Amino acid sequence: MLIVVVIIAFFGAGLLDLNLRKKYNIPKNEKFMDQYVGIWHLFLEIFLCFMFLSYVTINLFDQKTLYSVLFAFIMILFIVRGLLEFWLRREKRRHIISFTYVVLCAICSIAIAIIM
């Protein structure tokens, strides 16, 4: 059942991404580093990933909680990314997509909590 939720989430994210980019004329990232506001943003996300991995390895979770925590972590990453894009690169309007991913991750986390 988890695989179904993840597959639906990926297809939903892809469709939302295409529609939002077309509607608001948001350009795609040309390079990998284009998704970061600055080099310090890259290091902030790496730091958050290490904090998440250390938190998960220290604590023992059941499967349902682990997946919910994973989607919550991804949601936090997109919140940080969306806020930085909104504050520093508002003219590119990529924050719209980041905040949409936050909502999608919240929906997936709730769906996993209910289904499993």
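The name an unreviewed UniProt entry gives the protein chain is DUF4181 domain-containing protein, with Solibacillus isronensis B3W22 as the organism.

Student: What is the right way to read the state of the cysteines from this model?
Tutor: Structurally, a disulfide amounts to a covalent bond that connects the sulfur atoms of two cysteines. For the structure on display, the rule yields zero disulfides. The thiol of Cys105 is unpaired, and the distance to the nearest cysteine sulfur, on Cys108, comes to 6.3 Å. We classify Cys108 as buried; its relative accessible area is 5%.

Student: What exactly am I supposed to notice about the environment of Ile46 here?
Tutor: Assignment of secondary structure puts Ile46 in helix α2 (residues 39–58). Taking relative accessible area as the criterion, Ile46 reaches 36% and is therefore assigned partly exposed. Put simply, Ile46 and Ala9 are 37 residues apart on the chain and 24 Å apart in space, counted from C-alpha to C-alpha.

Student: Explain the packing of aromatic side chains here, please?
Tutor: Two numbers describe a pair of aromatic rings. These are the distance of the centres and the angle of the planes. The full count for this structure, using the stated rule, is three aromatic pairs. Their ring planes at 45° and their centres at 5.7 Å tell us that Tyr55 and Phe61 sit as a pair that is tilted. A relative accessible area of 43% means that Tyr55 is categorised as partly exposed. Geometry around Phe86 places Arg90 over its ring, the cationic atom sitting 4.0 Å from the centre.

Student: Is there a simple way to explain helix α3 (residues 63–88) in this structure?
Tutor: At 3.6 residues per turn, the α-helix brings residues three or four places apart onto the same side. A rise of 1.5 Å per residue sets the reference length of α3, with its 26 residues, at 38 Å; its end C-alpha atoms lie 38 Å apart and thus fit the reference within 8%. Within α3 the residues assigned to the buried category are Ser68, Phe71, Phe73, Leu77, Phe78, Arg81, Gly82, Leu84 and Glu85. Along its buried surface, α3 packs onto α1 (2–24), α2 and α4 (95–115).

Student: Could you clarify how one ought to interpret the packing of α3 against α4 in this entry?
Tutor: With their axes 8 Å apart at the nearest point, α3 and α4 run at an angle of 165° to one another. Relative to α4, α3 is oriented roughly antiparallel. Considering the relative orientation of α3 and α4, their crossing is left-handed. Tallied by class, residues from the contact of α3 with α4 come to 16 nonpolar, five polar and three charged.

Conventions and cut-offs
Residues numbered from 1 in each chain as written. Predicted model: local features only at pLDDT ≥ 70, side-chain atom pairs only at ≥ 80, totals over all residues. Heavy atoms only, no water. Disulfide = S-S within 2.5 Å. Buried < 20%, exposed > 50% of the residue type's maximum accessible area, 1.4 Å probe, protein only. Helix = DSSP H or I, 4+ residues; strand = E, 2+ residues; numbered from the N terminus. Phe/Tyr/Trp six-rings, centres within 6.5 Å; stacked < 30°, edge-to-face > 60°. Lys NZ or Arg CZ within 6 Å of the ring centre and 35° of its normal. Expected span 1.5 Å × (residues − 1). Contact = heavy atoms within 4.5 Å. Axes fitted to C-alpha atoms, helices over the stretch in contact; angles between N-to-C directions. Parallel < 35°, antiparallel > 145°, perpendicular 65-115°, else oblique. Left-handed = near helix turned anticlockwise from the far one by under 90°. Nonpolar A, V, L, I, M, F, W, Y, C, P; charged D, E, K, R; others polar.

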